[in-house]
Amino acid sequence: DGGITQSPKYLFRKEGQNVTLSCEQNLNHDAMYWYRQDPGQGLRLIYYSQIVNDFQKGDIAEGYSVSREKKESFPLTVTSAQKNPTAFYLCASSPRTDTQYFGPGTRLTVL
Amino acid sequence: LAKTTQPISMDSYEGQEVNITCSHNNIATNDYITWYQQFPSQGPRFIIQGYKTKVTNEVASLFIPADRKSSTLSLPRVSLSDTAVYYCLVGTIDDKIIFGKGTRLHILP
């Protein structure tokens, strides 16, 4: 059963803590993306990777970090430097077309 | 990257055809036009993609005039379950994909 998965679905974090969001795909897609969505807003690009061991900053990369050690995995770490991390985080993957396939999302809440 | 402009919100009734227009005046020669649908607390879902003229699939049609400066997503005979946010995107595989705020479509009974 092919697809893109994100875990956990809900995540709670205390201020000052780093937290890592998981994103895995078995679609054999080259490109992967992380977006942040705030209530009533569109998606904003955090980081993207078009190939293993390479990634680029998106529009709001400050306070976030990523790695792309495997084609299937693109974890996102929300660091303590991110001042307002409470949001809905979406991961997507894409073959060499401009169509993206999204995971179910992780809702992060800072307590 | 070509910027897109679409209505913030639209209301319609069950059974009607809904047309959502997107403006993209500075679309580049290699750009495709892609529409996504997003339900609350879910990731966006691909609906349709086109380059020029008309494209139709099982859920929607996409109309693109010859100058490609706009496009219209057409949803035939909408139901309550079509209530969602619809995003129009323009770009190529080498672009960062930019999602705007989209159009909030509300279907009424």
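Residues numbered from 1 in each chain as written. Chains lettered and ligands numbered in written order. Predicted model: local features only at pLDDT ≥ 70, side-chain atom pairs only at ≥ 80, totals over all residues. Heavy atoms only, no water.

Chemist: Help me out: how do you make sense of the sheet that holds strand β7 (residues 70–75) of chain B in this one?
Modeler: Backbone-to-backbone hydrogen bonds join strands into a sheet, with any given pair of strands oriented parallel or antiparallel. Residue and element names in this part refer to chain B. Read across the open sheet, the four strands follow the order β2-β7-β6-β5; overall the sheet is antiparallel. The sheet is open, and its two edges are formed by β2 (18–23) and β5 (53–56), each paired on a single side. Each adjacent strand pair in this sheet contributes to an overall mean axis angle of 15 degrees, direction not counted. As paired elements, β5 and strand β6 (residues 61–64) share four bridges and run antiparallel to each other. Its bridge partner being in β6, T53 is matched across the sheet by I64. (Pairing = 2+ DSSP bridges. Helix = DSSP H or I, 4+ residues; strand = E, 2+ residues; numbered from the N terminus. Axes fitted to C-alpha atoms, helices over the stretch in contact; angles between N-to-C directions.)

Chemist: Would you take a moment to explain the side chain of Q38(B) for this structure?
Modeler: Counting through the fold element by element, Q38(B) comes out in strand β3 (residues 32–38). A polar contact is formed between the side chain of Q38(B) and the side chain of Q37(A), at a distance of 2.8 Å. (Polar contact = N/O pair within 3.5 Å; in protein donor to acceptor, adjacent residues only side chain to side chain.)

Chemist: Before we go on, may I ask you to explain the state of the cysteines in this structure?
Modeler: Covalently bonding the sulfur atom of one cysteine to the sulfur atom of another cysteine gives a disulfide. One pass over the full model with this rule turns up two disulfides over all chains. Each sulfur of the disulfide joining C23(A) and C91(A) lies 1.8 Å from the other. Taking the torsion about the S-S bond as the criterion, the C23(A) to C91(A) disulfide, at about -75 degrees, is left-handed. With C23(A) in strand β3 (residues 19–25) and C91(A) in strand β9 (residues 87–94), the pair connects residues that are 68 residues apart, well separated along the chain. On the basis of relative accessible area, C23(A) is assigned to the buried category, the value being 0%. Across a sulfur-sulfur distance of 2.2 Å, C22(B) and C88(B) are joined as a disulfide pair. (Disulfide = S-S within 2.5 Å. Buried < 20%, exposed > 50% of the residue type's maximum accessible area, 1.4 Å probe, protein only.)

Chemist: Please explain a nonpolar patch on the surface as it appears in this structure.
Modeler: Residue and element names in this part refer to chain A. A cluster of nonpolar side chains, contributed by Y10, F12 and L111, occupies part of the molecular surface with about 390 Å² of accessible area. Locating F12 in the fold gives a position in strand β2 (residues 10–13). Since its relative accessible area comes to 55%, F12 is described here as exposed. (Patch = residues over 30% accessible without salt bridge, like charges linked within 9 Å, V, L, I, M, F, W, Y side chains within 5 Å. Areas by Shrake-Rupley, 256 points an atom, 1.4 Å probe, with all protein chains shown as cover. Salt bridge = Lys/Arg side-chain N within 4 Å of Asp/Glu carboxyl O.)

Chemist: What am I meant to see in the packing of aromatic side chains here?
Modeler: Aromatic rings considered in pairs are described by the distance between their centres and by the relative angle of their planes. Residues and elements named next belong to chain A. Scanning the model with the defined rule gives eight aromatic pairs over all chains in all. Ring geometry for Y33 versus Y35: centroids 6.4 Å apart, planes at 25 degrees, classification stacked. The residues Y33 and Y35 share a single accessibility class, namely buried. Here the aromatic rings of Y64 and Y89 are separated by 5.9 Å at their centres, their planes lie at 65 degrees, and the arrangement is edge-to-face. With Y64 in strand β7 (residues 64–66) and Y89 in strand β9, this pair connects stretches of sequence that are 25 residues apart. Residue Y64 shares its accessibility class with Y89, and that shared class is buried. (Phe/Tyr/Trp six-rings, centres within 6.5 Å; stacked < 30°, edge-to-face > 60°.)

Chemist: Whenever I open this one, the pattern of salt bridges confuses me. Can you help?
Modeler: A pair can form between side chains of opposite charge whenever their charged atoms are brought close. Residues and elements named next belong to chain A. A full pass over the atoms with the stated rule returns three salt bridges over all chains. Two residues, R44 and D38, come together in a salt bridge whose shortest N-O distance is 2.8 Å. The exposure class assigned to D38 is buried, which follows from its relative accessible area of 16%. Taken together, the shared-partner salt bridges connect R36, D38 and R44 into one network.

Chemist: Please clarify how the sheet that holds β7(A) should be interpreted in this entry.
Modeler: Residue and element names in this part refer to chain A. Pairing in this open sheet of four strands is antiparallel, and the strands run β1-β3-β8-β7 from one edge to the other. Sheet topology places β1 (4–7) and β7 at the edges, where each strand pairs with a single neighbour. Ignoring strand direction, the axes of neighbouring strands in this sheet form an average angle of 20 degrees. Pairing analysis gives three bridges linking β3 to strand β8 (residues 76–78), with the strands arranged antiparallel. In the sheet register, L21 faces β8, and the bridge partner there is L76.

Chemist: What is the right way to look at the interface of chain A and chain B in this model?
Modeler: A common way to report how large an interface is uses the accessible area buried once the components associate. At the interface, 22 residues of chain A touch 21 residues of chain B. Taking both sides of the interface into account, the surface hidden between chain A and chain B amounts to around 1,800 Å²; carbon and sulfur atoms contribute 48%. The interface formed by chain A and chain B includes zero salt bridges. Summed over the shared surface of chain A and chain B, the number is four residue pairs in polar contact (both at pLDDT 80 or more). The set of elements that each furnish at least two residues to the side of chain A that touches chain B consists of β4 (31–37), β5 (43–51) and β9 of chain A. Sorting elements by how many residues they give to the side of chain A that touches chain B places β5(A) first, with four residues. Here the residues of the side of chain A that touches chain B are counted per class, giving eight nonpolar, nine polar and five charged. (Contact = heavy atoms within 4.5 Å. Buried area = accessible area lost by both parts, 1.4 Å probe. Nonpolar A, V, L, I, M, F, W, Y, C, P; charged D, E, K, R; others polar.)

Functional significance is not addressed by these values, which are geometric in nature.
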